[in-house]
Amino acid sequence: MHPRVERFTRAERWVHLTTAALMGVCVVTAACLYLPQLAELVGRRDLVVRLHEGAGLLLPAPFLLGLASRAFRRDLHRLNRFGPRDKAWLRATLRRRRGRTAGKFNAGQKLWAAWLAGAVLVMLGTGLLMWFTHLAPLAWRTASTFVHDWLSLALGVVIAGHIGMAAGDPEARTGMRTGFVRRDWAEREHGEWLN
């Protein structure tokens, strides 16, 4: 039996799970709203719209509630620091070299978290402009629809990549599911985190 170390607390795992669930509802309902084949299959467009709007409005909630957790705030601090080690990790990754060192989060995870946070804020803002049509002139609403639609497509692609990366790393999935990972995995993938 391999020794294990705690990677994520219950609060951190809850934030990830609820954010993933809300994002999943947003992506599935968006697909049902934009793809005629799915729209016909599901029907009940008004219900799908309400689910999409509700999940979109709730999307920041797990993050905001997670701020009550000291461990979550500490990990946010780690995610928001991009230093020389992260640049070296990216260079090594782009050149497909082994021996990349990382702290608790590697540069790819930091970029993903920053991109997702920005995308959620833009989607929330553009969604509100589309929902409350009296808040802005027609040109702004048209631009909001354009940004919302194209960013939703980009989000779908990037989320699929995130799921694909997770599918290829069973120990990372175990860490997100149980909070604990094998020490040898942590030393290999995030060695500077344990030091």
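Please refer to the structure higher up on the page.
Residues numbered from 1 in each chain as written. Predicted model: local features only at pLDDT ≥ 70, side-chain atom pairs only at ≥ 80, totals over all residues. Heavy atoms only, no water.

Asks: Can you help me understand the nonpolar core in this one?
Replies: As a rule of thumb, nonpolar side chains are buried together in soluble globular proteins. Among the nonpolar cores identified, the biggest contains 13 residues, and M23, L59, L116, V120, L155 and I159 are the most heavily contacted of them. Elements represented by at least two residues in this core include exactly α1 (10–34), α7 (107–131) and α8 (138–167). Broken down by element, this core gets its largest block of residues, five residues, from α7. Setting aside its immediate chain neighbours within four residues, I159 contacts M23, V27 and W112. (Core = buried A, V, L, I, M, F, W, Y, C linked by side-chain atoms within 4.5 Å. Buried < 20%, exposed > 50% of the residue type's maximum accessible area, 1.4 Å probe, protein only. Helix = DSSP H or I, 4+ residues; strand = E, 2+ residues; numbered from the N terminus. Contact = heavy atoms within 4.5 Å.)

Asks: Sorry if this is basic, but what is going on with α7 here?
Replies: Residue pairs spaced three or four apart in an α-helix point in one direction, given the helix's 3.6 residues per turn. Taking 1.5 Å of rise per residue, the 25 residues of α7 would be expected to cover 36 Å, and the 36 Å separating its terminal C-alpha atoms lies within 8% of that figure. Buried within α7 we find A107, K110, W112, L116, A119, V120, M123 and T126. Those residues of α7 that are buried are in contact with α1, α5 (70–79), α6 (84–94) and α8. N-cap assignment for α7: the residue whose side-chain oxygen lies 3.0 Å from the backbone N of G108 is N106. (Expected span 1.5 Å × (residues − 1). Polar contact = N/O pair within 3.5 Å; in protein donor to acceptor, adjacent residues only side chain to side chain.)

Asks: I tried to follow a nonpolar patch on the surface on my own but got confused; where do I start?
Replies: On the surface, a nonpolar cluster with roughly 600 Å² of combined accessible area is contributed by V122, F146, V147, W150, L153 and V157. Among the elements that make up the nonpolar patch, the one with the highest residue count is α8 (five residues). Looking at where V157 falls in the secondary structure, it is placed in helix α8. (Patch = residues over 30% accessible without salt bridge, like charges linked within 9 Å, V, L, I, M, F, W, Y side chains within 5 Å. Areas by Shrake-Rupley, 256 points an atom, 1.4 Å probe, with all protein chains shown as cover. Salt bridge = Lys/Arg side-chain N within 4 Å of Asp/Glu carboxyl O.)

Asks: I would appreciate a short explanation of the environment of K104 in the present structure.
Replies: Mapped onto the elements, K104 comes out in the loop between α6 and α7. On the accessibility criterion, K104 (8% relative accessible area) is buried. In this structure the C-alpha to C-alpha distance between K104 and D75, which are 29 residues apart in sequence, comes to 8.3 Å. Those residues in contact with K104 that sit more than four places away from it in its chain are R7, F8, E12, D75, R78, Q109, H190 and W193. Polar contacts involving the side chain of K104 include one to the main-chain carbonyl oxygen of R7, which spans 2.6 Å.

Asks: Teacher, can you tell me more about the pattern of salt bridges here?
Replies: Pairs can form between side chains of opposite charge once their charged atoms are near each other. Inspection of the entire model under this criterion finds eleven salt bridges. For R50, the salt bridge is made with D46, and the minimal N-O distance between the two is 3.7 Å. Placement of both R50 and D46 in helix α3 (residues 45–58) is noted, with a separation of four residues, approximately one turn of the helix. Relative accessible area serves as the criterion here: at 46%, R50 is assigned to the partly exposed category. R182 is paired through a salt bridge with D184; the nearest N and O atoms lie 2.9 Å apart. The class for R182 is partly exposed, based on a relative accessible area of 21%.

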